[in-house]
Amino acid sequence: MNLTTSTDGHILGKVQCPGDKSISQRVLILGAFMNQDMVIDGFLHGEDPLSTMNALNQLGAGISTDADDRVYLCKRNKSFHNCKNALNLGNSGTGLRLMLGLTSGMGLKASFCGDESLSSRPMERVINPLAEMGASIRSSKGKLPISIASSKLKSQYTYELPIASAQVKSCILLAGLAAGTGIEIIEPIQTRDHTERMLKNFGANIETNSIDGKNIIKLKSSNNLNAKNYTVVGDISSAAFIIVAALISDSSGFEITNVGINPSRTGVLQALQKMGANIEIKNQRIESGEPCADLIIKKSKLRGIELSGTIIPNIIDEIPIISIAAAFADGETVIRDAKELRFKESDRLMAVSEGFTSLGIKHENFEDGISIQGAPNQLLVDQSISIESYGDHRIAMSFIIAGLKCSKPIIVRDCKNIFTSFPNFIELLSSIGYKLERQ
Ligand code: S3P
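Parameters and conventions
Residues numbered from 1 in each chain as written. Predicted model: local features only at pLDDT ≥ 70, side-chain atom pairs only at ≥ 80, totals over all residues. Heavy atoms only, no water. 1 Å grid on protein atoms, 1.4 Å probe; cavity = no way out; pocket = protein on both sides within 12 Å on 5 of 7 lines; lining within 4 Å. Points joined across faces, edges and corners; volume = space filled by probe spheres on them. Helix = DSSP H or I, 4+ residues; strand = E, 2+ residues; numbered from the N terminus. Nonpolar A, V, L, I, M, F, W, Y, C, P; charged D, E, K, R; others polar. Pairing = 2+ DSSP bridges. Buried < 20%, exposed > 50% of the residue type's maximum accessible area, 1.4 Å probe, protein only. Contact = heavy atoms within 4.5 Å. Axes fitted to C-alpha atoms, helices over the stretch in contact; angles between N-to-C directions. Domains from an automatic or database assignment. Buried area = accessible area lost by both parts, 1.4 Å probe. Salt bridge = Lys/Arg side-chain N within 4 Å of Asp/Glu carboxyl O. Polar contact = N/O pair within 3.5 Å; in protein donor to acceptor, adjacent residues only side chain to side chain.

### Topic: the layout of surface pockets
Taken as a whole, the largest pocket spans an internal volume of roughly 610 Å³. What lines the largest pocket is a set of 41 residues, among which A164, S165, A166, I316 and K344 lie closest to the centre. It is helix α1 (residues 21–34) that provides the largest number of residues to the lining of the largest pocket, a total of 4 residues. Across the lining of the largest pocket, the residue classes tally to 12 nonpolar, 11 polar and 18 charged.

This is how it looks when you write it as structure tokens:
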């Protein structure tokens, strides 16, 4: 599916932020593991959480949804079972890495596959620690297809994360929880802490301390979890596209309600505010252990900034759309320490650079980042410029937002994976005045 932008985008209005993808996946996995009655509201019905739901159901979880998009987990009288067919996690790195943790911890026998993008992504980062814990895993040179044989994990495991990754951290925590292994994780740089918060919310024996700038996360070997109904807050990574749209278009004021503002995810707000963005955070509240708020955004004059170091894992999913904001800011923005972007759904540093070249946006590439020469003006582009998204939802959505500042419609190619994280993106943009045409 290709999408063509339009040039009359004066966005205006108020929208509700779609559910958080990371939290939706985690609550399904933990909920299914707890095996108690539970209702989930605000769940993201995107393809990624749905592939995790299907995988859990193939193992016998019996998760269902109703016409109002609520999700129901019911107490089963059988525990999970092995599955002959491969569990297909589609495009979802989170789904695959977390499910590898859960199934290894439960001692199940299972095999895993995914789409072309997921099949090219590195999985040693979870295979190695799981194998150290005692899991028996086979892979194709550290990539999909992966199969695990039933095995028993050791009783205690300590791991210092060599890369800042919430997926790796969560995989080990879930494996430990399911196996009854006591876990100690040393996290040199803070990454999103939804798994820790959710475990605490359901009564797990987990604590996090900060020592010499590192997080030490300890999960005890025995846990008595109590399910309760759960409400998923909105996804700040999805809100980021609308925030930047409001900042760079001719919007006089815009509201996004129900945005998750967990401090391990709000680097995007700090970065944009440092660029000069006028973003008001109001109505702060806590929903199922996660902070959330409503945001008011006003068109702002942006300026270039430098982004590197410990903020990078916090904004890892927002760097493509921050790069678009930077392209329409005054002066230079430099992003470094972001090599992990090369291992996402696409090589995002390459994909952003290629799109910028097509649009005539001056930039320089580094192995671990990019520098962007921004200018606040409208971009004078030729008719029918075509930008390749490499099937990456965040690249596709970023360049669609850039289309708001283009003098002619642009075509963004291979946009189907927008449905993995933001299923109502096209309708939501249309409702605020930015029409896209599907081809
Ligand atoms: C996620 C963690 C991040 C992020 C991904 C979702 C999660 O990945 O990029 O979109 O839900 O834990 P890494 O942990 O690999 O950095």
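### Thoughts on empty space enclosed by the protein
Gaps left between atoms are located by rolling a probe of water-molecule size over the structure's atoms. Counted according to the given criterion, the structure contains 2 cavities of 30 Å³ or more. Counted as a void, the largest cavity has a volume near 40 Å³. In this structure, the largest cavity is lined by I319, P320, S323, L341, R348, L349, V352 and I370. Elements represented by at least two residues in the lining of the largest cavity include exactly α11 (319–327) and α12 (348–359). When the residues that make up the lining of the largest cavity are grouped by side-chain class, the tally is 6 nonpolar, 1 polar and 1 charged. What the second largest cavity holds in volume is close to 30 Å³. What lines the second largest cavity is simply D20, I23, H194, V233, G234, I236, G260, N262, R265 and E290.

### Things to note about the sheet that holds strand β7 (residues 110–113)
On the basis of which strands lie adjacent, the open sheet formed by 4 strands has the order β6-β7-β9-β8 and mixed pairing. Edge positions in the sheet fall to β6 (87–88) and β8 (136–140), since each of these pairs with one other strand and no more. Across 3 bridges, β7 lies against strand β9 (residues 143–149) in antiparallel orientation. The residue of β9 that forms the bridge with A110 is I148.

### Digging into the side chain of S237
Of note, S237 is situated in helix α8 (residues 236–248). Residue S237 is classed as buried on the basis of its relative accessible area of 1%.

### Points about the sheet that holds strand β1 (residues 3–4)
Here 4 strands make up an open sheet; going across it, the order is β22-β23-β1-β24 and the pairing mixed. Only two strands of the sheet have a single neighbouring strand rather than two, namely β22 (385–388) and β24 (437–438). Note that β1 and strand β23 (residues 410–413) share 2 bridges and pair antiparallel. Each bridged residue has a counterpart across the sheet, and for T4 the counterpart in β23 is I411. Its contacts with the sheet put α12 on β22 and β23, and the angle it makes with β22 is roughly 175°. Packing against the sheet, helix α13 (residues 393–402) makes contact with β1, β22 and β23, and its axis sits at approximately 175° to β23.

### Brief notes about the domain arrangement of the protein
Under the domain assignment, the protein is made up of domain 1 (3–19 + 233–438) and domain 2 (21–231). Each of domain 1 and domain 2 has a C-alpha centre, and these two points are 29 Å apart. Between domain 1 and domain 2, the residue contacts involve 28 residues of the former and 29 residues of the latter. Both sides together, the interface formed by domain 1 and domain 2 hides about 2400 Å², and carbon and sulfur atoms give 47% of it. Here domain 1 is connected to domain 2 by 3 salt bridges. We note a salt bridge from E345 to R121, for which the minimum N-O separation is 3.8 Å. Between domain 1 and domain 2 we count 14 residue pairs in polar contact (both at pLDDT 80 or more) in total. Considering each element in turn, the side of domain 1 that touches domain 2 owes the most residues, 3 residues, to helix α14 (residues 418–421).

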